[in-house]
Amino acid sequence: MINPTITPTKGPHAAHGERFRSVRLSLGLTLRRTAEVTGMSMTQVSMIERGEIFPSTLDVWPLLEFATGKLESYQKGTK
């Protein structure tokens, strides 16, 4: 049985994940839309935000382009 009094520690990439989520929310994006824009799955986006995994530059580049208005419609692998 899991002890409910123990608070789980955050993953090693928690600060990056919190920043990623902050950017997503400031852009008004849902997890689903972020997944569409970046070409990642919603599960992968969620795991990044929780600090469980660290995204590669190729994973977040579409989000950066979207945030700066350089991305109108993006499909991973094509521009």
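Everything numeric here is computed off the predicted structure, so don't read it as measured data.

Another point: the packing of helix α1 (residues 14–26) against helix α3 (residues 42–49). Packing of α1 against α3 leaves a shortest axis separation of 7 Å and a crossing angle of 120°. With respect to each other, α1 and α3 are oriented oblique. Only Val45, Ile48 and Glu49 of α3 make contact with α1, whose side of the interface consists of Gly17, Glu18, Phe20, Arg21 and Arg24.

Note on pairing: side chains with opposite charge can pair once their charged atoms come close. Applying the stated criterion across every chain yields a total of three salt bridges. The salt bridge partner of glutamate 49 is arginine 24, with a shortest N-O separation of 2.5 Å. Here glutamate 49, found in helix α3, pairs with arginine 24, found in helix α1; they are 25 residues apart in sequence, far enough to count as distant. The exposure classification of glutamate 49 matches that of arginine 24, with both residues buried. A salt bridge links arginine 33 to glutamate 36, with the shortest nitrogen-to-oxygen separation between them at 3.3 Å. Residue arginine 33 and its partner glutamate 36 are located together in helix α2 (residues 31–38), separated by three residues, close to a single helical turn. Here arginine 33 falls in the partly exposed class, since its relative accessible area comes to 34%. Relative accessible area serves as the criterion here: at 46%, glutamate 36 is assigned to the partly exposed category.

Cut-offs used in this document
- Along each chain, residues carry numbers from 1 onward, in the same order as the chain's sequence is written.
- Per-residue local features of the predicted model are confined to residues with pLDDT of at least 70, and side-chain atom pairs are confined, for both listing and counting, to 80 or more; whole-chain, interface and lining totals are unaffected and use all residues.
- With hydrogens and water set aside, each side-chain value is computed from the structure's full complement of heavy atoms.
- Axis definition: a line fitted to C-alpha atoms, limited for helices to the stretch in contact. Angles are taken between N-to-C directions and run from 0 to 180 degrees.
- Note on conventions: DSSP H or I runs of at least 4 residues are helices, E runs of at least 2 residues are strands, and numbering of each starts at the N terminus.
- Note on terminology: angles under 35 degrees are roughly parallel, angles over 145 are roughly antiparallel, angles of 65 to 115 are roughly perpendicular, and the others are oblique.
- Contact criterion: two residues are considered in contact whenever any of their non-hydrogen atoms come within 4.5 Å of each other.
- For this document, the term salt bridge refers to a Lys or Arg side-chain nitrogen within 4 Å of an Asp or Glu carboxyl oxygen.
- Here the term buried applies to any residue with accessible area under 20% of the maximum for its type, exposed to any over 50%, and partly exposed to those in between, with areas from a 1.4 Å probe on protein chains only.

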